Structures are given as structure tokens and as C-alpha cells.
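Here's the letter readout for the chains.
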Amino acid sequence: STANAPEDDAPNRYSRTERTTYSRYSRDANSSGSSLPSNTLEKRIEELERELAKERQENARLMKVAQDKEELIGKLKEEIDLLNR
């Protein structure tokens, strides 16, 4: 579980960055008189944030699966060594 601790911090760090980027982008779009309405951009950003959250969740799941398999491989190697003796 300690190996997952850095991952827990990662989404928070990215979220702050995304919020900063979103705020900056939103200001730029409003000041430049963008052809896309602000609410369209906000909806797109929300959609992308949801997609990003899903991908991060899937990535965390796959990392856990890989870690579990590595642990199993280690245990099986130990068992093979014992059987060879």
C-alpha cells in the first residue's frame, strides 16, 4: 500500500495544473473573442477531465495488476528454487 501513496498524490497535483491551465485558457478565450462559446469550451473541458479521470483509474488498476503479477512471479521463483534443492 505504501507503493500506491505517490499515485494518490499524482491526481491532486495534476488537478491543480489542469485548473490553472483551464483558468488561463478560459481568460484567453474570453479576451480574444473566441468563436466558440465559453460554455462549449467548459463542457469540452469537463468531458476531457472525466475521460482523464477514467484513464488514470484504469492506469492505476493496470499498475496494481502488474505489481500483483510481479509478486506472484517472485513467489513462484522461490518455490522453484526450493523444489530444485
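One can find the structure itself at the top, above this paragraph.
Position labels on residues start from 1 in each chain and follow its written sequence. For a predicted model such as this one, the threshold for reporting local features is a pLDDT of at least 70, and the threshold for listing and counting side-chain atom pairs is 80 or more; totals across whole chains, interfaces and linings nevertheless cover every residue. The side-chain quantities take in all heavy atoms of the structure and omit both hydrogens and water.

A.B. asks: Please explain the overall build of the protein as it appears in this structure.
C.D. replies: Each helix corresponds to a stretch of at least 4 residues labelled H or I by DSSP, and each strand to a stretch of at least 2 residues labelled E; elements are numbered beginning at the N terminus. Helices and strands together make up the secondary structure of the protein, namely 2 helices and 0 strands. Approximately 7400 Å² of the protein is accessible, and the part contributed by carbon and sulfur atoms is 53%. Note on areas: Shrake-Rupley, 1.4 Å probe, and residue coverage restricted to the protein chains presented here.

A.B. asks: Help me understand the pattern of salt bridges in this model?
C.D. replies: Should the charged atoms of two oppositely charged side chains come close, the side chains can pair. Think of a salt bridge as a Lys or Arg side-chain nitrogen and an Asp or Glu carboxyl oxygen that are within 4 Å of each other. Counted according to the given criterion, the structure contains 3 salt bridges. For the salt bridge of Glu 58 with Arg 61, the shortest nitrogen-to-oxygen distance reads 2.9 Å. Within this pair, Glu 58 and its partner Arg 61 are both found in helix H2 (residues 38-84), separated by 3 residues, close to a single helical turn. Partly exposed residues are those whose accessible area sits between 20% and 50% of the maximum for their type, while under 20% is buried and over 50% is exposed, using a 1.4 Å probe and protein chains only. Look at Arg 61 and you get partly exposed, because its relative accessible area is 45%. Of the charged contacts, one joins Lys 64 and Asp 68 as a salt bridge, the two residues approaching to 2.9 Å between their closest N and O atoms. Of this pair, Lys 64 and Asp 68 both sit in helix H2, 4 residues apart, which is roughly one turn of the helix. In this structure Asp 68 comes out as partly exposed when scored by relative accessible area, which is 34%.

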